[in-house]
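Close look at the chain arrangement
Listed below, chain by chain, are the residues.
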Amino acid sequence: MHGSVFVEITPEILLKAYAAGIFPMAEDADDPAIYWVEPRERGILPLDRFHVASRLARTVRSGAFEVVTDRDFDAVIAGCAAPRRDSARTWINGRIRALYGELFDLGYCHTVEVYAGEPRTLVGGLYGVALGGAFFGESMFHLARDASKVALVHLAARLRRGGYRLLDAQFVTSHLAQFGAVEVPRQVYKRHLREAVEHPARWDGAPLAGSEALAILSG
């Protein structure tokens, strides 16, 4: 379900929309309009059953990447908005960049960033919105193999350590299914959402080694 919106959207309106189970998208980067989306079937990643394949676990544990949070929001959203190999279009337009930048400044939007090489270069990451004990994953990107997957593993571990109840994935893709993403009906999702938003949680930006992240997720 969606409808185009041409009125001004503030960060406060955006947070209320998330609390109601709705999120914004744009048709294209060049289209200034934003529409609201409320899927009939919602994708979630259960934090108590988050699956990490053995090969990926070796990569996470190896320390090949440096993983940090909230260092460079602009670079992360630019990476997420860049054209992909399979599509030149993106749903992240200028209005969405500005809105989530405001949420980042207010402490509601967070990034997980993956760096590699010398000097360190951003090679992947993700961003999303934290509200109570719910985290709404928005987008991710990678320029190096497994970089976005490593970011997601670190995100899930930080959410578990911080006491979050819900990791919203919006839609289930083959990329997310390998981590245990499932679809739930809209009403079931809204029940989980209400409980999560009312639950206090703490965004965990402290340094976290790959072995620690895996231990948290397997605990």
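Residues numbered from 1 in each chain as written. Predicted model: local features only at pLDDT ≥ 70, side-chain atom pairs only at ≥ 80, totals over all residues. Heavy atoms only, no water.

1. Focus: the confidence of the model for the protein
Of the residues in the protein, 95% have a pLDDT of 70 or more, and the chain-wide mean is 93. A low-confidence stretch, residues 1-6 (pLDDT under 50), is modelled with 18 contacts involving residues beyond four sequence positions or located in other chains. (pLDDT = per-residue confidence, 0-100. Contact = heavy atoms within 4.5 Å.)

2. Here we look at the pattern of salt bridges
The final tally for this structure, using the stated rule, is 8 salt bridges. Residue Asp-146 is joined to Lys-149 by a salt bridge in which the shortest nitrogen-to-oxygen separation is 3.9 Å. Given the relative accessible area of 8%, Asp-146 is considered buried. With a closest N to O distance of 2.3 Å, Asp-204 and Arg-161 form a salt bridge. Taken as a pair, Asp-204 in the loop between α7 (186-197) and α8 (210-218) and Arg-161 in helix α5 (residues 147-162) lie far apart in primary sequence, 43 residues in all. Relative accessible area serves as the criterion here: at 2%, Asp-204 is assigned to the buried category. Classification of Arg-161 as partly exposed rests on a relative accessible area of 33%. Among the charged side chains, a salt-bridge network with shared partners connects Arg-55, Asp-146 and Lys-149. (Salt bridge = Lys/Arg side-chain N within 4 Å of Asp/Glu carboxyl O. Buried < 20%, exposed > 50% of the residue type's maximum accessible area, 1.4 Å probe, protein only. Helix = DSSP H or I, 4+ residues; strand = E, 2+ residues; numbered from the N terminus.)

3. What to know about the sheet that holds strand β5 (residues 66-69)
The strand order β5-β6-β7-β8-β9-β4-β10 describes an open sheet built from 7 strands, whose pairing is mixed. What marks the edges here is a single partner per strand, and that holds for β5 and β10 (182-185). Along the sheet, successive strands turn relative to each other by an average axial angle of 35°, direction set aside. Alignment of β5 against strand β6 (residues 109-116), held across 4 bridges, turns out to be antiparallel. What sits directly across from Val-67, in β6, is Val-114. This element, helix α3 (residues 73-81), spans β6, β7 (121-131) and β8 (134-142) of the sheet and lies at about 100° to β7. Each of β4 (41-44), β7, β8, β9 (166-170) and β10 is contacted by α7, which is oriented at about 95° to β10, the strand it contacts most. (Pairing = 2+ DSSP bridges. Axes fitted to C-alpha atoms, helices over the stretch in contact; angles between N-to-C directions.)

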